Amino acid sequence: AVAILAQVLGHVGIMSASLVGREVLVWLQGLDLSYAIKNPKRDICNAWLVAEMFSRYYPHDIRMEAYDNGLSMEVRANNWEFLYKFFLKKRIPIGKEDFDSVMHCAEGAAEALIRKCYAILTKRNAPKLQAGGGYNDPEQPAYTRATASTKLRNNEIARVPDDLDRTIRAVMTLERHEVELARNRRADVSRIFQTSRTNNVADLFPATQAPTSQDVLPSEVREVKVKTLQADVAGLDTGHEVKRAIQPRQMRKCAVAALDVNAPSTPGPGYAGKTATEIMKTVVTPILQENDTVMKSMDPRKDIVTSFLELAAARSAGVTDALSARVFDAMGAKATQLAEGMLKMPKEFYKVWNAVFPLLGTYSETSPGFHSIVQLLCKLGRHMKESDGPTTHQIFGDVAMGSLSSLLVSSPGKRETLSEVLYSFCQDTTSQHLSVLRGLKEHVEDLPDYICCLASLISLEARMSLLDENPGPGSMLDLYVYYSLIALQNPQPKVRVAGLSILNVICQAAGMSVPPNRVDAMLSTIPAMVDLASDTWWEVQAQLIQLSCRVLRAVPDAVVDDNSQMHRPVARLVPVIQKLLSPSASQNVLQIGLCSLVHVLKEIPALLTDLGRVFLAALLAQPVRMRRRLLTPVTEEERHVAYVMGTASRIYEEVCLPDHWPAGPLFLSLGDHVHMAGLTRLAAQHFEVLEILFRDGIEIVDTNAFVEAYERMRGPIIFGLIDADVHHRAAALVLQIWTHPNTVFAEECLNVSKSVFGQILRTIYGDNQELNLVREADFLEFLSLACDQSPAVAAALRERIARFRTENGLEYSRSSLGNIF
């Protein structure tokens, strides 16, 4: 029936149903495409009709005028690339590996893609095709079947640019051909025997005279006499023949020889364990059998591991993140056995890597499945390099470096995690890491992308203490400083940010005990840092403030000692910080700069004069929400913040400023700030900072200096008592100052406040209607509480109110002060 249908459809110019299935063919006809698909290999190679298919379901997302219905390779590539962006946007599981072979007219690729489109768009599984009719159909005569040379001339092999990949595909093609030949020979034995019997009977008995049981005479079977071999056969030398018969075909000397996913692996000499595929199957099968939905979606033509990974890559409804994480965690528990098999059979590593690695591009960096796959690969790498480091390094370089490098470039949000995978297969030595970096450079042709990858890798170098090994030209530190200086001159902001982040890690890695070679490296970058002070990109400014503060902390003696050779270059960083921490700067820059500068102020008190007021001005300029995050304790999870959504920004650490700042010196700086700004009223943020400074306990070393600082702020502070907007904060602050444990400081502050207190009495009980005055009840409550706190405060207040009654009798008579005093 299928053959008749194919013949009929062929006469009317429609693709045969045997190629894609009758349901798929009916679906295609219902889409009303611009022209019928007659030869799928030719008709959909330029993506025009595929775009039309999806435009029926996404009419607002696909505009057909954006596609060119041509057949040149340039047109095909442009169409598919444009359509691929749509697939990524809508999270449609069609990757480049699906349409690359279609674009090059590979045999059977177009039909497979049509069936996949049908399954995605209709949410139904494509019908199974009838078996038979393959490339090497056993029913074909032997002389019409494709030979090995015919298959090696396949354009899909010849167009691969990489020599290693092209060799691997050729080896896989040859081994599949051998498997087909063996299967065909087994089928031929039975068919030839049956054909020979049929031919013999037909020759003896013509069709018109069928033999009957009476016509057939019993045949006489002669007895066969076999002579017994008496001679001694122990000495016969048949070893060479036997060895020649059973000796396996020698493979090419390559770390990934015979890399065929479907062909059975040949263990190395002396290895009696299971292959990686068998181990994974024993782990995956019990877990998947618990989920009927997933088992029904499995492809029966493939093994359970391959079928599950394909479902996971396609984000099938039954394969949840939790299920994927559980499966890969179970595989990770068998990492030791898997690693042992991969070292004995490198082909097994090729299988596992190419089966599992594509999922890293499919899953998001926040999904449990992504982290489980990363943990699996990291465990494999660690176990393999512990057993045989050089072999692991070679296998990884041959098989995985290219694909991992591409993903590092294309997925900025996954770089930090993927860097761990990269170094898991590398021994923790400087020479091995430099070798990996050279290999990465060969695969990442674009220098900015390579520098961005280095910005993620340097954190691991610092964690392993490799930056300070073998100092000098050609060292690890020298390489990173070289590329960071190149990055600082790059026109792309993200590359400049990457260069500054590299230098930040170099400064941060060793804390305050920086080796001399690292100090010299940091000093050599200061001129380039100063040149970036005028950069307008916010994250460049943020990274530059961080780096400047870390350089100052790394060489504190050079900041203080004017005679130091390093004093002049290091001192150039102070104006950089002052410029970038302007109150008009970006809120993100101020937030990051405050968290960095607070450590400098605590560790280098000499810089308080230059940077203390800059710090306070930036803190007071921040919005309430962002300032509160810096003034209140936060949890470990809340400390790490990304100020921009997505992968466009790095992760920054926010700290609780009161845990680190020098409270006393900052109080003095705040007095200078208020006086120099000429403020007559303080806003809520001023009282908030002052209240926290006194709440944490200011250590008053020089009483006169602190009293002088308070005297500069006494007017705005005392007037806050009658300002309805800040009354409660001002009242709490005034009580903290007037009742401070340092009695000398408290009495002096109380004495210098008397004159200002008389002014606020005349203001609150006068005729000042334009001011937003506090309610009298709240003001009297403060006076009553202040009197209860301290007898000295009560006596001073009675004196001032008695004087107010004498000098301003009319205003006093309108008040309720007599109820308290």
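Conventions we followed
Residues numbered from 1 in each chain as written. Predicted model: local features only at pLDDT ≥ 70, side-chain atom pairs only at ≥ 80, totals over all residues. Heavy atoms only, no water. Helix = DSSP H or I, 4+ residues; strand = E, 2+ residues; numbered from the N terminus. Buried < 20%, exposed > 50% of the residue type's maximum accessible area, 1.4 Å probe, protein only. Contact = heavy atoms within 4.5 Å. Areas by Shrake-Rupley, 256 points an atom, 1.4 Å probe, with all protein chains shown as cover. Phe/Tyr/Trp six-rings, centres within 6.5 Å; stacked < 30°, edge-to-face > 60°. Core = buried A, V, L, I, M, F, W, Y, C linked by side-chain atoms within 4.5 Å. Axes fitted to C-alpha atoms, helices over the stretch in contact; angles between N-to-C directions. Parallel < 35°, antiparallel > 145°, perpendicular 65-115°, else oblique. Nonpolar A, V, L, I, M, F, W, Y, C, P; charged D, E, K, R; others polar. 1 Å grid on protein atoms, 1.4 Å probe; cavity = no way out; pocket = protein on both sides within 12 Å on 5 of 7 lines; lining within 4 Å. Points joined across faces, edges and corners; volume = space filled by probe spheres on them. Left-handed = near helix turned anticlockwise from the far one by under 90°. Disulfide = S-S within 2.5 Å.

Draft legend 1. Quick peek at the overall build of the protein. Within the protein, the secondary structure is distributed over 44 helices and two strands. Here the protein holds 821 residues, and 46% of them are scored as buried. When contacts within the protein are restricted to residue pairs at least 6 apart in sequence, long-range pairs at least 24 apart make up 69% of them. Working note: accessible area of the protein is about 42500 Å², and carbon and sulfur atoms make up 52% of it.

Draft legend 2. Spotlight on the environment of Glu365. You can see Glu365 is positioned in the loop between helix H19 (358-362) and helix H20 (368-387). Judged by its relative accessible area of 30%, Glu365 falls in the partly exposed class. Linking Glu365 and Gly413, residues 48 residues apart in sequence, is a C-alpha distance of 6.9 Å.

Draft legend 3. The arrangement of the side chain of Arg496 in detail. Position of Arg496 relative to the elements: it lies in helix H27 (residues 493-509). Those residues in contact with Arg496 that sit more than four places away from it in its chain are Ala487, Leu488, Asn490, Pro491, Leu532, Asp535, Trp537 and Val540.

Draft legend 4. A look at the packing of aromatic side chains. One pass over the structure, following the stated rule, counts 25 aromatic pairs. Judged by centre distance (6.1 Å) and plane angle (70°), the ring pair of Phe54 and Phe86 falls under edge-to-face. Highlighted residues: Phe54 in helix H5 (residues 48-57) and Phe86 in helix H6 (residues 73-89), separated in sequence by 32 residues. Under the relative-accessibility criterion, Phe54 is labelled buried at 0%. On the basis of relative accessibility, which here comes to 7%, the residue Phe86 falls in the buried class.

Draft legend 5. Structural detail: the nonpolar core. Grouped together as the largest cluster of nonpolar side chains are 202 residues, with contacts concentrated most on Trp353, Tyr480, Phe615 and Trp661. Examining the composition of this core, we find that ten residues originate from one element, helix H29 (residues 538-554), more than from any other. Discounting residues that sit within four places of it in the chain, Trp353 has contacts with Pro358, Leu377, Phe396, Val399, Ala400, Ser403, Leu404, Val421 and Phe425. In terms of nonpolar packing, the next biggest core, distinct from the first, is built from 37 residues, Leu33, Ala47, Ala51 and Ala106 among them.

Draft legend 6. Structural detail: the packing of helix H16 (residues 321-333) against helix H17 (residues 335-344). It is at 5 Å that the axes of H16 and H17 come closest, and there the two elements cross at 65°. Between H16 and H17, the angle falls in the class roughly perpendicular. Contacts between H16 and H17 involve Met331, Gly332 and Ala333 from the first element and Ala335, Gln337 and Leu338 from the second. Taken together, the residues of the contact of H16 with H17 sort by class into four nonpolar, two polar and no charged.

Draft legend 7. Empty space enclosed by the protein, seen in detail. One pass over the full model with this rule turns up one cavity of 30 Å³ or more. Lining the largest cavity are Trp738, Leu750, Ser753, Lys754, Phe757, Ala796, Leu797 and Arg800. At the level of secondary structure, the elements contributing two or more residues to the lining of the largest cavity comprise helix H41 (743-764) and helix H43 (791-807). At four residues, H41 tops the list of elements feeding residues into the lining of the largest cavity. A breakdown of the residues in the lining of the largest cavity according to their chemical character gives five nonpolar, one polar and two charged.

Draft legend 8. Summary view of the packing of helix H24 (residues 430-443) against helix H25 (residues 447-463). At a closest axis distance of 11 Å, the pairing of H24 and H25 adopts a crossing angle of 160°. One element, H24, and the other, H25, form an angle in the roughly antiparallel class. In this structure, H24 meets H25 at a crossing whose hand is right-handed. Across the interface between the two elements, His433, Leu437, Leu440 and Lys441 of H24 pack against Leu447, Tyr450, Cys453, Leu454, Leu457 and Glu461 of H25. In the contact of H24 with H25, the residues fall into seven nonpolar, one polar and two charged.

Draft legend 9. Fine view of the state of the cysteines. Going through the model one piece at a time under the given rule, you end up with zero disulfides. Cysteine Cys45 remains unbridged, with the sulfur of Cys105 as its closest cysteine sulfur at 4.3 Å.

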